[in-house]
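# Close look at the chain arrangement
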Amino acid sequence: MAKRTKEEIMELVKAQNVRFIRLQFTDILGTLKNVAITPNQLKKALNNEMMFDGSSIEGFVRIDESDMYLWPDLDTYTLLPWPSSDGNVARMICDVYTTKKEPFMGCPRNVLKKVLKEASDMGYTFNVGPECEFFLFQTDENGNPTMETNDRAAYFDLAPIDSGETLRQDICITLEEMGFEIEASHHENASGQHEIDFKYGEALTAADNILTFKLVVKTVALKNGMHATFMPKPLHGVAGNGMHINMSLSKDGVNVFYDAEDELGLSKTAYHFIAGLMEHAKGMALVTNPLVNSYKRLVPGFEAPVYIAWSARNRSPLVRIPDSKGASTRCELRNPDPSANPYLALALALAAGLDGIKRELTPPEPVGSNVYEMSRSERHKYHIDTLPGNLDEAIECFKADPLIRETLGEHVYERYLTAKKLEWEEYSTQVHKWELDRYLISY
């Protein structure tokens, strides 16, 4: 049930002198889309009568069945802190519905809602805290991004070495004006790399917030003459951008992952959830790590996971259990990157965890040492598998896991798979600069 009413939205738009309302939604790849309306059309939008052409959106529908409706989520109404030259601008995030007034299951937000309903039917609330990393690059005289970062700082450095500190502060202030609760912001490992963490929330809100966060970061960077990118691995030889996902389940307001009697403070439910994540990690990779470039990040040496293992002590495995206990007990999935569609990534992570609970799966023993330093025989002893090594392998793992198709639904599954096959084929047939540098003279 929405906390806000249609009447309250109408009053806010008038009181805040809003001239444009952006109705936002995403395609299956997680690209934010937008239809802008004036207040004269607001009543129509609030009555779920705003139609658009779905055939023009990646992965939606064919041209002969293109009419779709945007249903605004009233609780996502917020004033954007960057007014246009003509006045203030607000936004609402929308679900996509068919002409039959049914949820369109090609809409990623509806896919997540479906899995959240399954969790709710089991008595669970799914809470998520994302950690999004990004790079800041300088721009040229035409405003195009260069490959020059805005600083030469390292992990947790501060100004004047970290020249991005002021811009991070501007981003945090902007986010707080939009209702975010910022927990921390800091410089990351690589030059020009940054992280801003905001408070965990219920999964649908968290997914909405990830997309809003990315929009704010890019907008504030642009206003400061910089280019922000969430590309997983923009620079060779340094750490890439991750989007670690901290997850927990609660029932009647109590964190069901915590058990004070357990050595690691974890309940049976938590162990089953972890086992489910590990069981389906390879199948989920095409969504959690959706780009050709994603697999340039998932290599040894830069703290991004390669091996499917879990630990309560170190950061090399796929799943880590942070030290916080009690209400803060959670598991951290470390392989996703910020190019992922957050609705689909969270839907699959939850479905995987619930599958572990329903089947009472048990994870292998936790790994206390650095997985990268283990021999092959040691990894075999701990039953440690590996994530896909490239997008093509991820496609095959995606196809091999029935839970993925079941969770995404036939529509999203088929169109997403088609898009990723085309991406891999296009990449595979390109001649890249590395090949020219390596072979053009020698051969």
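Relevant structure appears above.
Residues numbered from 1 in each chain as written. Predicted model: local features only at pLDDT ≥ 70, side-chain atom pairs only at ≥ 80, totals over all residues. Heavy atoms only, no water.

### A closer look at the pattern of salt bridges
- Per the stated rule, a full pass over the model turns up 17 salt bridges.
- The salt bridge partner of Arg 109 is Asp 73, with a shortest N-O separation of 2.8 Å. With Arg 109 in helix α3 (residues 108-121) and Asp 73 in the loop between β4 (67-72) and β5 (78-84), this pair connects stretches of sequence that are 36 residues apart. In this structure, Arg 109 and Asp 73 share a single accessibility class: buried.
- Lys 399 is the salt-bridge partner of Glu 396, the closest N and O atoms lying 3.4 Å from each other. Here Glu 396 and its partner Lys 399 are both found in helix α10 (residues 391-400), three residues apart, which amounts to about one turn of the helix. (Salt bridge = Lys/Arg side-chain N within 4 Å of Asp/Glu carboxyl O. Helix = DSSP H or I, 4+ residues; strand = E, 2+ residues; numbered from the N terminus. Buried < 20%, exposed > 50% of the residue type's maximum accessible area, 1.4 Å probe, protein only.)

### A few points about the pairing of strand β8 (residues 145-149)
- Bridge count between strand β7 (residues 125-139) and β8: two bridges; the pairing is antiparallel. The residue of β8 that forms the bridge with Phe 137 is Thr 149.
- Linking β7 back to β8 in an antiparallel pair, the connection comprises five residues, with Gly 143 at a positive phi of about 85 degrees. (Pairing = 2+ DSSP bridges.)

### Observations regarding the pairing of strand β3 (residues 50-53)
- A one-sided burial pattern is seen for β3, the buried positions being Met 50 and Phe 52 and the unburied ones Met 51 and Asp 53.
- Bridge count for β3 against β4 is four bridges, and the pairing is antiparallel. In the strand pairing of β4, Met 50 is matched with Leu 70.

### Observations regarding α10
- Looking at α10, one finds that the buried residues are Leu 391, Ala 394, Ile 395, Cys 397 and Phe 398. The buried residues of α10 occupy an angular sector of 165 degrees when projected down its axis, which confines them to one face.
- Looking at the buried residues of α10, the elements they touch are α6 (268-288), α7 (294-297) and α11 (402-429). (Arc of directions from axis to C-beta. Contact = heavy atoms within 4.5 Å.)

### Things to note about the environment of Ala 312
- Assignment of secondary structure puts Ala 312 in the loop between β16 (310-311) and β17 (319-320).
- Spatially, the C-alpha atom of Ala 312 lies 37 Å from that of Thr 219, the residues being 93 residues apart in sequence.
- Discounting residues that sit within four places of it in the chain, Ala 312 has contacts with Leu 264, Ile 321 and Asp 323.

### A short note on the nonpolar core
- Ranked by internal contacts, the top residues of the largest apolar core, which has 96 residues, are Phe 126, Phe 213, Met 247, Leu 249, Phe 273, Val 319 and Leu 408.
- No other element matches the 12 residues that helix α8 (residues 342-358) contributes to this core.
- Ignoring sequence-local partners within four residues, the contact set of Val 319 consists of Ile 274, Leu 277, Met 278, Ala 309, Trp 310, Ser 311, Cys 331, Glu 332 and Leu 333.
- Leu 23, Ala 45, Phe 52 and Ala 90 belong to the second-largest nonpolar core, a separate cluster that totals 22 residues. (Core = buried A, V, L, I, M, F, W, Y, C linked by side-chain atoms within 4.5 Å.)

### Observations concerning a nonpolar patch on the surface
- Nonpolar side chains collect at one region of the surface, where Val 431, Leu 436, Leu 440 and Ile 441 lie side by side and expose about 460 Å² of accessible area between them.
- Relative to the assigned elements, Leu 440 resides in the segment after α12 (433-439). (Patch = residues over 30% accessible without salt bridge, like charges linked within 9 Å, V, L, I, M, F, W, Y side chains within 5 Å. Areas by Shrake-Rupley, 256 points an atom, 1.4 Å probe, with all protein chains shown as cover.)

### A closer look at the packing of aromatic side chains
- For the structure on display, the rule yields 17 aromatic pairs.
- Relative to Phe 52, the ring of Phe 25 lies with its centre 4.8 Å away and its plane at 45 degrees, an arrangement referred to as tilted. Taken together, the residues span a long stretch of sequence, with Phe 25 in strand β1 (residues 18-26) and Phe 52 in strand β3 at a distance of 27 residues. Like Phe 52, Phe 25 is buried.
- Pairing Phe 398 with Tyr 413 gives two aromatic rings, centres 4.9 Å apart and planes at 10 degrees, and the pair type is stacked. In this pair, Phe 398 sits in helix α10 while Tyr 413 sits in helix α11, placing the two residues 15 residues apart along the sequence. (Phe/Tyr/Trp six-rings, centres within 6.5 Å; stacked < 30°, edge-to-face > 60°.)

### What to know about the packing of helix α4 (residues 165-177) against helix α5 (residues 203-223)
- Interhelical geometry of α4 versus α5 gives an angle of 135 degrees and a closest axis separation of 10 Å. Between α4 and α5, the interaxial angle falls into the category oblique. Considering the relative orientation of α4 and α5, their crossing is right-handed. Contacts between α4 and α5 involve Leu 167, Asp 170, Ile 171, Thr 174 and Leu 175 from the first element and Phe 213, Val 216, Val 217, Val 220 and Ala 221 from the second.
- For the contact of α4 with α5, a count of residues per class yields eight nonpolar, one polar and one charged. (Axes fitted to C-alpha atoms, helices over the stretch in contact; angles between N-to-C directions. Parallel < 35°, antiparallel > 145°, perpendicular 65-115°, else oblique. Left-handed = near helix turned anticlockwise from the far one by under 90°. Nonpolar A, V, L, I, M, F, W, Y, C, P; charged D, E, K, R; others polar.)

Function cannot be inferred from these measures alone, as they are strictly geometric.
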